[in-house]
Amino acid sequence: MKKLAARTAIATAVIAPAMVLAAGTASAVPALSVGAGASGTVTVTVPAGENWTCFGFDSGFNLKTGAFAPGVGTLSGFAKNSTVTVFCFGGTPPFFFTGSVTVK
């Protein structure tokens, strides 16, 4: 239990400052949706001219990562009916994006 608390504290210390940077006014950020294909899939739609690296985890701490060019990409392998939180990092403002979806 202490190990989980320590990991959570470290993740919070890293992610919280990045979320402050995300307060920019950029209009080009990824969009998240439930994957239309297999269960446990999140679709990441990347706007034209952008490249984003994303990682997501579900309530079972299944971690999936992907690097996405413009268009549609997927993160798959999450637990069915779980809420998936996705963090994405890009090279242009706002540099950071986060969102959550519940997968089928």
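Residues numbered from 1 in each chain as written. Predicted model: local features only at pLDDT ≥ 70, side-chain atom pairs only at ≥ 80, totals over all residues. Heavy atoms only, no water.

K.L.:
What is the right way to look at the sheet that holds strand E7 (residues 96-102) in this model?
P.N.:
Backbone hydrogen bonds are what pair the strands of a sheet, in a parallel or an antiparallel way. Pairing in this open sheet of 4 strands is antiparallel, and the strands run E4-E3-E6-E7 from one edge to the other. Where the open sheet ends on each side, the last strands, each with one partner, are strand E4 (63-68) and E7. For this sheet the average axis-to-axis angle between neighbouring strands, irrespective of direction, equals 20°. Inspection of the sheet shows strand E3 (residues 52-57) paired to E4 by 6 bridges, in the antiparallel sense. Bridge assignment links Phe57 to a residue of E4, and that residue is Leu63. (Pairing = 2+ DSSP bridges. Helix = DSSP H or I, 4+ residues; strand = E, 2+ residues; numbered from the N terminus. Axes fitted to C-alpha atoms, helices over the stretch in contact; angles between N-to-C directions.)

K.L.:
How should I be thinking about the state of the cysteines in this particular structure?
P.N.:
When the sulfur atoms of two cysteines share a covalent bond, that bond is a disulfide. Scanning the model with the defined rule gives 1 disulfide in all. Sulfur-sulfur distance for the disulfide between Cys54 and Cys88 comes to 2.1 Å. Its S-S torsion of approximately 110° makes the covalent link between Cys54 and Cys88 right-handed. Of the two residues, Cys54 is situated in strand E3 and Cys88 in strand E6 (residues 83-90); the sequence distance between them amounts to 34 residues. With respect to class, Cys54 is no different from Cys88; both count as buried. (Disulfide = S-S within 2.5 Å. Buried < 20%, exposed > 50% of the residue type's maximum accessible area, 1.4 Å probe, protein only.)

K.L.:
Can you help me understand unusual backbone geometry in this one?
P.N.:
Note: most peptide bonds trans; most residues except glycine with negative phi. One non-glycine residue, Phe61, lies in the positive phi region at around 60°. Overall, Phe61 belongs to the exposed group, its relative accessible area being 55%. Backbone geometry at Asn81 places phi at a positive 65°, although glycine is not the residue there.

K.L.:
Honestly, the nonpolar core in this entry has me stumped. Any pointers?
P.N.:
Generally speaking, nonpolar side chains in soluble globular proteins are found buried as a group. Of all hydrophobic cores here, the largest spans 15 residues; its most connected members are Leu32, Val42, Val44, Cys54, Leu75 and Val86. At the level of elements, strand E2 (41-46), E3, E6 and E7 are the ones that each hand at least two residues to this core. Not counting residues up to four positions away in its chain, the partners in contact with Leu32 are Val42, Thr43, Val44, Val86, Phe97, Gly99, Ser100 and Val101. (Core = buried A, V, L, I, M, F, W, Y, C linked by side-chain atoms within 4.5 Å. Contact = heavy atoms within 4.5 Å.)

K.L.:
I would appreciate a short explanation of the side chain of Asp58 in the present structure.
P.N.:
On the secondary structure map, Asp58 appears in the loop between E3 and E4. For the buried Asp58, which has no salt bridge, the nearest side chain bearing the opposite charge is Lys64, at an N-O separation of 7.8 Å. A distance of 2.7 Å separates a polar atom in the side chain of Asp58 from the backbone nitrogen of Ala79. Once you skip the residues sitting within four places of it in the chain, Asp58 turns out to touch Phe78, Ala79, Ser82, Thr83 and Val84. (Lys, Arg positive; Asp, Glu negative; His and termini not counted. Salt bridge = Lys/Arg side-chain N within 4 Å of Asp/Glu carboxyl O. Polar contact = N/O pair within 3.5 Å; in protein donor to acceptor, adjacent residues only side chain to side chain.)

K.L.:
In this structure, what is going on with the environment of Gly90? I would like to understand it.
P.N.:
Tracing the chain through its elements places Gly90 in strand E6. Taking the C-alpha atoms as reference, Gly90 lies 7.4 Å from Glu50; in sequence the two are 40 residues apart. Excluding anything up to four places from it in sequence, Gly90 contacts Asn51, Trp52 and Phe95.

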